[in-house]
Amino acid sequence: MLLIYCPYCQIERAEIEFRCGGEAHIARPSDPEKATDDDWVEFLYMRSNTKGIAAERWRHIHGCGRFFNAVRDTVSDEFLKVYKTGEAKPDLEAIAREAGK
Amino acid sequence: MSDLPASDLITPDAGEAAILGLASVSILKAAPLTRLSFRAREASLKKAGTAFGVALPVKPLTSTTTAKRAALWMGPDEWTLLAPEEDLQAVAVGIEGKLDGEPHALVDVSDRSDAVIVTGERAAWLLNTGIFVDFSLESFPVGTVTRTLFHKSPVMIWRIGPEAFVVEAWGSFMDYVAGLLVQCAQELEAV
């Protein structure tokens, strides 16, 4: 069973308690009035769909209920780093190098 | 059960027959309670704790109790507050009065869930038939509280004693949870 560390509960829990929330660090247009249709398309639908190391939003829905971010290898399903919502996006290349990918 | 924390709070429902009564594990329906879902920012916690009668825990997965009050950590800004059924009004008014003007949410969820009390030397074993959580006393000491999944139903597990757990599930899910617990316990009868 895959165990995922929740940075809020500070404990590893089974994968079934979590839901993936898609790619992380996608900012909503800061001034919606001025955003063009293309901006909205970019925000709503365009995702990088990375094969390899990717930063994703995850939610501990059957635990504390909070969203957090995780760096995951989408090929091996290995979690390389978890961090709280609001923290800066980590250097994915450095994490990949460290993990020997 | 009188030596357990929150013993005046979590009591078996006198009007209900035991759901399960084996030598090694028993399941009793818990009497109705006041349950409040409380969400607030850090600055309001102290005041809320004073008004409620017990400080709100800030350490993840822990609870604080007095004889008639319990505050359970649900998330970094979310707590479940338990009190006797008749204290609903007093508790709600008391906290709202202290937090006037501060952003917070205090919602009465008393009727959302039902609770059963699972006790006995095989209580942890029985819960583990449907929950992927380590219930050893080292990693899940008395007072630990968490939401998790029991088979397919979201539940809240609160350890109130070395061999005593409160299992809370939404009202309409309780038959499923209690039924599966009883079914799983048949394995104990067989040996």
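Since the structure is predicted, the reported quantities are computational estimates derived from the model, not experimental observations.

Asks: An account of helix 1 (residues 45–52) of chain B is needed here, citing residue identities and associated values.
Replies: All names here are of chain B. All of the buried residues along helix 1 are Ala 48, Gly 49 and Phe 52. Within helix 1, the buried residues cover an arc of 100° as seen down the axis, which keeps them to one side. In the core, the buried residues of helix 1 are packed alongside strand 3 (33–40), strand 5 (70–75), strand 6 (78–84) and helix 2 (88–98).

Asks: Quick rundown of the interface of chain B and chain A? Include the residues and the values.
Replies: Opposite the 11 residues of chain B that make contact, chain A presents 13 residues. At the level of elements, strand 5 and strand 9 (145–150) of chain B are the ones that each hand at least two residues to the side of chain B that touches chain A. Ranked by residue count, the leading element in the side of chain B that touches chain A is strand 9 of chain B, at four residues. A breakdown of the residues in the side of chain B that touches chain A according to their chemical character gives seven nonpolar, three polar and one charged.

Asks: Help me get a handle on the domain arrangement of chain B, residues and values and all.
Replies: Residues and elements named next belong to chain B. The domain boundaries assigned to chain B delineate domain 1 (20–31 + 112–190) and domain 2 (33–108). Distance between the C-alpha centres of domain 1 and domain 2: 24 Å. Each partner contributes residues to the interface: domain 1 has eight residues there, and domain 2 has seven residues. At three residues, strand 9 tops the list of elements feeding residues into the side of domain 1 that touches domain 2. Of the residues contributing to the side of domain 1 that touches domain 2, the split by class is two nonpolar, four polar and two charged.

Asks: Explain unusual backbone geometry to me, using residue names and the numbers behind them.
Replies: Residue and element names in this part refer to chain A. The backbone of Gln 10 shows a phi angle near 55°, a positive value even though the residue is not glycine. Judged by the 11 C-beta atoms lying within 10 Å of it, Gln 10 falls in the exposed class. A positive phi angle, near 65°, is found at Asp 77, a position not held by glycine. Here Asp 77 is to be found in the loop between strand 5 (67–73) and strand 6 (78–84). Judged by local crowding, Asp 77 falls into the exposed class, with 9 C-beta atoms found within 10 Å.

Asks: How would you sum up the sheet that holds strand 4 (residues 53–59) of chain A? Please name residues and give values.
Replies: All names here are of chain A. An order of 3-4-5-6 is seen for the four strands of this open sheet, with the pairing classed as antiparallel. With partners counted over all chains shown, the strands left at the sheet margins are strand 3 (19–23) and strand 6, one partner each. Sheet twist, expressed as the mean angle between neighbouring strand axes with direction ignored, is 35°. Here strand 3 runs beside strand 4; their pairing, made up of three bridges, is antiparallel.

Rules used in this analysis
- Per chain, residues are indexed from 1 in the order of the written sequence.
- In the order they appear in the text, chains get letters beginning with A and ligands get numbers beginning with 1.
- Reporting of local features is limited, given that this is a predicted model, to residues whose pLDDT is at least 70; pairs of side-chain atoms are given and counted only at 80 or more, and all residues count toward the totals for whole chains, interfaces and linings.
- Neighbour counting defines burial: a residue surrounded by 20 or more other C-beta atoms within 10 Å of its own C-beta is buried, one with 12 or fewer is exposed, and intermediate counts give partly exposed, using backbone-placed C-beta atoms.
- Every helix listed is a DSSP run of H or I at least four residues long, and every strand listed is a run of E at least two residues long, numbered separately from the N terminus.
- Arc definition: directions from the helix axis to the C-beta atoms.
- Contacts are defined on C-beta atoms placed from the backbone: any two residues whose C-beta positions lie within 7 Å are in contact.
- When residue character is reported, Ala, Val, Leu, Ile, Met, Phe, Trp, Tyr, Cys and Pro are called nonpolar, Asp, Glu, Lys and Arg charged, and the others, Gly included, polar.
- Segmentation into domains, and thus their bounds, comes from an automatic or database assignment.
- When DSSP finds two or more bridges between a pair of strands, those strands are recorded as paired.
- Only the stretch in contact is used when fitting a helix axis, every axis being a line fitted to C-alpha atoms; angles between N-to-C directions are given from 0 to 180 degrees.

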